[in-house]
Amino acid sequence: MALSQSTRATSAYEASFRSRYAQSTGRWASLMALDPASEIVVARAVAGLPERRRAVALSYDAADETWIAQLRARAQALLDDAACADLVVMIATAGADAQAGALFGEACRVRGVPVTALVIAALDTPDADLSRTLAPLRPIASMLVVAQGADYVDDMLHALRA
Amino acid sequence: MLRREQNELITRTGPGTQMGDLFRCYWLPILLSEELPFDGCPPVRVKVLSERLIAVRDSEGRLGLIDEFCAHRGVSLWFGRNEDGGLRCPYHGWKFGVDGACQEIPSEPEESGMCQKIRLKSYPLIERGGAFWTYLGKPEFQPELPEWEFATVPAEQSFISKRFQDCNWLQALEGGIDSSHVSWLHRGNLASDPLFKGAGGNKYNLGDMKPVFEVVENEGGLLIGARRNAEEGKYYWRITPWIMPCFTMVPPRGDHPVHGHFWVPVDDENCTAWSFDYHPVRALRQEERQAMIDGFGIHVQYTPGTYRPLANKDNDYLMDREAQRRGDTYSGVAGIAMQDASLQESMGPIVDRTMENLVSTDNGIIMARQRLLRAAKALAEKGIRPPGVNVAHQKIRSAAVVLPPDQAFKDAAAEALKVRPGVRQTSV
Ligand code: FES
Ligand SMILES: [Fe+2]
């Protein structure tokens, strides 16, 4: 029996000796909304957690021609944001066109910032809608989450210390 | 990371706790069939959800799970005599039925009616799929009997084992849904374990060490898809289901039996890891069954006469630094089950989740915790029955598939994830 080592943290008593010194600093998450419904989710997430420093909404409506213009105007701000973030979280509603996410995801990848894509889908969302949103995000996201409720955003950010 | 109060809430399952009430909505496996082998056999002590109970199979073959301690002066009924349709306390001869009713108080005149006033707490006990199951909730909410596929296939198609694990149930469950550790901790076993080796999918596992994950919330819990590159731009997917509260399945490999787990709280600092292996359409081969008995795959070797693993914290899990150096095992501990158990126990009896630093690959764990907390709250505040109680949620399989890049695994593999009697598992 190897009882020579000074401790094994397998009792509550031993576990109480775990070092309590801080071993990490906060994360910086940049939030991107990929459609109007998600903008509300992002706005709420930001309001709920004052220490969250960045949030950018990026709505994309292919039918809306002003979008391209908006995109140009905001592209630099978005990229600056992403570049100094530890994590980019893209949020989309199932059924939304996520092409814009794919575009920015590519830029994030070049800058070495990991992307988590969170798609909010009801249980009865048609599969085709979900696939349409997921497909462009799949190549750029290192983690894809399909959640039933928007409240997952807050829980996830908190869990990640973002 | 969880807040301190969240970590308390999600890990405590004793009577009167919110998570305890959640667990009390389900049928849970507690004993192997071999533990109550014949009518009138010795009773067995059971601790589950922090309640000390005793399982009885009386001389008439009736089953019950009752309070461990005699109503008279608190003697453990484990010392009891299982005789003539009841369990008799050896101290003063009080006798109890499997329903907890006091049948006899020898010192009292029968007319006194004292006996009718005494009843020990009791719970139902049923046998199914090589195990005894109980339900610790309110009788009026008792759900349909469990319908997990491993428990409903013919006995020759399945094998089930259990082992005690010295840590909180949630640590063990989180290991079951954390696909990302497989490429590390178990990498030495894919090629060598008789219940894993030879599968076509193994080469993708070993060839792509950076899987990408997709986590999808479904009716009963979660589906966790791990995606690795296969040939011609296709993806190799391994899909792990978690059904609330504590059932997980491992994606299959080739034609090997499919396996999975139940992680059942004993008390807040201990759990029972149940491990099952089954094949949906054929009997297990003799050599497969023998390998399971010998502790390969997800099973373990025991300390003789117990359900405690032979490799345990008191012998440092038989750590073999040479095997670790050679790469035969990644952590130096032999066997997939003990690789998991040793690390989970090392985190302490209830890990302090306020200290952890989760990353995006931990989303399966993050979402499972969120769903558990949400379901416990909905039950406590609105009386809503949680997911997983419905037997339709239990009819699920894990799967391993190769798919074109544009297909969502949940849709493309929808059929593969369903239990289809007479149809083999979907596997690569
Ligand atoms: S690397 Fe995951 S617990 Fe240490
Ligand atoms: Fe494992």
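Residues numbered from 1 in each chain as written. Chains lettered and ligands numbered in written order. Predicted model: local features only at pLDDT ≥ 70, side-chain atom pairs only at ≥ 80, totals over all residues. Heavy atoms only, no water.

Caption draft 1: Representation of the overall build of chain A within the structure. Within chain A, the secondary structure is distributed over 6 helices and 5 strands. Starting at the N terminus and walking to the C terminus, you meet the elements of chain A as α-β-α-β-α-β-α-β-α-β-α. Expressed as a percentage of its 162 residues, the buried residues of chain A come to 47%. Sequence separation of at least 24 residues holds for 78% of the intrachain contacts in chain A that already meet a minimum separation of 6. As displayed, chain A has an accessible area near 8,000 Å², and 56% of this comes from carbon and sulfur atoms. (Helix = DSSP H or I, 4+ residues; strand = E, 2+ residues; numbered from the N terminus. Buried < 20%, exposed > 50% of the residue type's maximum accessible area, 1.4 Å probe, protein only. Contact = heavy atoms within 4.5 Å. Areas by Shrake-Rupley, 256 points an atom, 1.4 Å probe, with all protein chains shown as cover.)

Caption draft 2: Geometry of the coordination of the iron ion (ligand 2). Residues and elements named next belong to chain B. Of the protein atoms, only His-181 (NE2), His-186 (NE2), Asp-340 (OD) and Asp-340 (OD) coordinate the iron ion (ligand 2), at distances of 2.1 to 2.3 Å. For the iron ion (ligand 2), the 4 donor atoms in the first shell make angles of 58 to 145° at the metal, so the coordination geometry reads as irregular. Look at where the donors of the iron ion (ligand 2) fall in the sequence and you get H-x4-H-x153-D. The pair His-181 / His-186 is uniform in exposure class, with both members buried. (Donors = N, O, S within 2.8 Å, 3.2 Å for Na, K, Ca; no water. Tetrahedral: all angles 85-135°; square planar, octahedral: opposite > 155°, others 65-115°.)

Caption draft 3: Just the packing of helix H4 (residues 169–177) of chain B against helix H10 (residues 363–382) of chain B, in detail. All names here are of chain B. Contact pair H4 / H10: the axes reach a minimum separation of 9 Å and the direction vectors enclose 135°. Viewed along their axes, H4 and H10 adopt a mutual orientation that is oblique. Remark: the crossing between H4 and H10 carries right-handed chirality. Here Trp-169, Leu-170, Leu-173, Glu-174 and Ile-177 of H4 come into contact with H10, specifically with Gly-364, Ile-365, Ala-368, Arg-369 and Leu-372. Looking at the contact of H4 with H10 residue by residue, the class counts come to 7 nonpolar, 1 polar and 2 charged. (Axes fitted to C-alpha atoms, helices over the stretch in contact; angles between N-to-C directions. Parallel < 35°, antiparallel > 145°, perpendicular 65-115°, else oblique. Left-handed = near helix turned anticlockwise from the far one by under 90°. Nonpolar A, V, L, I, M, F, W, Y, C, P; charged D, E, K, R; others polar.)

Caption draft 4: Seen up close, the pairing of strand S5 (residues 143–147) of chain A. Residues and elements named next belong to chain A. Within S5, 5 of the 5 residues are buried, which leaves the element mostly enclosed by the surrounding structure. Burial along S5 is two-sided: the face carrying Met-143, Val-145 and Ala-147 and the face carrying Leu-144 and Val-146 are both buried. Inspection of the sheet shows strand S4 (residues 115–120) paired to S5 by 5 bridges, in the parallel sense. Across the sheet, residue Val-119 finds its bridge partner in S5, namely Val-146. Between the parallel elements S4 and S5, the chain passes through helix H5 (residues 127–137) in a crossover that is right-handed. (Pairing = 2+ DSSP bridges. Right-handed = clockwise from strand over helix to strand, strands pointing away.)

Caption draft 5: Up close: the nonpolar core. Residue and element names in this part refer to chain B. Residues Phe-150 and Leu-372 are the most contacted members of the largest nonpolar core, which totals 131 residues. Sort the elements by how many residues they give to this core and H10 lands first, with 9 residues. Not counting the four nearest positions on each side in its chain, Phe-150 is found in contact with Trp-133, Ser-158, Ile-160, Phe-247, Phe-262, Phe-276 and Tyr-278. With 16 residues, the next largest nonpolar core counts Ile-54, Val-56, Leu-77 and Ile-105 among its residues. (Core = buried A, V, L, I, M, F, W, Y, C linked by side-chain atoms within 4.5 Å.)

Caption draft 6: Broad picture of helix H1 (residues 4–11) of chain B. Every buried residue belonging to H1 of chain B is among Gln-6, Asn-7, Ile-10 and Thr-11 of chain B, and all of these are buried. Considered in projection along H1 of chain B, the buried side chains sweep an arc of 115° and stay on one side of the axis. Contacts from the buried residues of H1 of chain B go to helix H6 (151–159) of chain A together with helix H2 (18–23), H4 and H10 of chain B. (Arc of directions from axis to C-beta.)

Caption draft 7: Focus on H5 of chain A. Listing the buried residues of H5 of chain A in full gives Leu-130, Ser-131, Thr-133, Leu-134, Pro-136 and Leu-137 of chain A. Buried positions along H5 of chain A lie against strand S3 (87–93), helix H4 (99–110), S4 and S5 of chain A together with helix H12 (409–412) of chain B.

Caption draft 8: Region of interest: the pattern of salt bridges. Residue and element names in this part refer to chain B. This model, assessed by the stated rule, comprises 36 salt bridges over all chains. A salt bridge links Arg-12 to Asp-268; the nearest nitrogen and oxygen atoms lie 3.4 Å apart. Of this pair, Arg-12 sits in the loop between H1 and H2 while Asp-268 sits in the loop between strand S17 (258–267) and strand S18 (270–278); the two residues are 256 residues apart in sequence, bridging distant segments of the chain. Among the salt bridges present, the one from Arg-62 reaches Asp-58, with a minimum N-O distance of 2.7 Å. The class for Asp-58 is buried, based on a relative accessible area of 1%. (Salt bridge = Lys/Arg side-chain N within 4 Å of Asp/Glu carboxyl O.)

Caption draft 9: Focus on the sheet that holds strand S3 (residues 51–57) of chain B. Residue and element names in this part refer to chain B. Reading across from one edge, S2-S3-S4-S9 is the order of the 4 strands in this open sheet, with antiparallel pairing throughout. Sheet topology places strand S2 (44–48) and strand S9 (122–123) at the edges, where each strand pairs with a single neighbour. Bridging between S2 and S3 involves 5 bridges; their strand directions are antiparallel. Across the sheet, residue Lys-47 finds its bridge partner in S3, namely Arg-52.

Caption draft 10: Up close: the packing of helix H2 (residues 36–48) of chain A against H6 of chain A. Residue and element names in this part refer to chain A. Their axes nearest at 9 Å, the elements H2 and H6 cross at an angle of 40°. In this view, H2 runs oblique relative to H6, as classed from their interaxial angle. For the pair H2 and H6, the sense of crossing is right-handed. Within the contact between the two elements, H2 uses Val-41, Arg-44 and Ala-45 and H6 uses Asp-151, Val-153, Asp-154 and Leu-157. Here the contact of H2 with H6 is composed, by residue class, of 4 nonpolar, no polar and 3 charged.

Caption draft 11: Region of the structure containing the side chain of Lys-313 of chain B. Residue position: Lys-313 of chain B is located in the loop between helix H7 (286–293) and helix H8 (321–326). Each residue touching Lys-313 of chain B, except ones within four places of it in the same chain, is listed here: Arg-8 and Thr-10 of chain A together with Asp-166, Arg-308 and Glu-345 of chain B.

Caption draft 12: Region of interest: the packing of aromatic side chains. All names here are of chain B. Under the definition given, this model contains 18 aromatic pairs over all chains. Between Tyr-204 and Tyr-236 the ring centres are 4.8 Å apart and the planes differ by 40°, which places this aromatic pair in the tilted class. Here Tyr-204, found in helix H6 (residues 202–207), pairs with Tyr-236, found in strand S15 (residues 235–243); they are 32 residues apart in sequence, far enough to count as distant. On the numbers, 6.4 Å between centres and 85° between planes, the contact of Tyr-235 with Trp-237 is edge-to-face. Residue class for Tyr-235 comes out buried when judged on its relative accessible area of 13%. Site record: aromatic cluster; members linked through ring pairs are Trp-133, Trp-148, Phe-150, Phe-247, Phe-262, Phe-276 and Tyr-278. (Phe/Tyr/Trp six-rings, centres within 6.5 Å; stacked < 30°, edge-to-face > 60°.)

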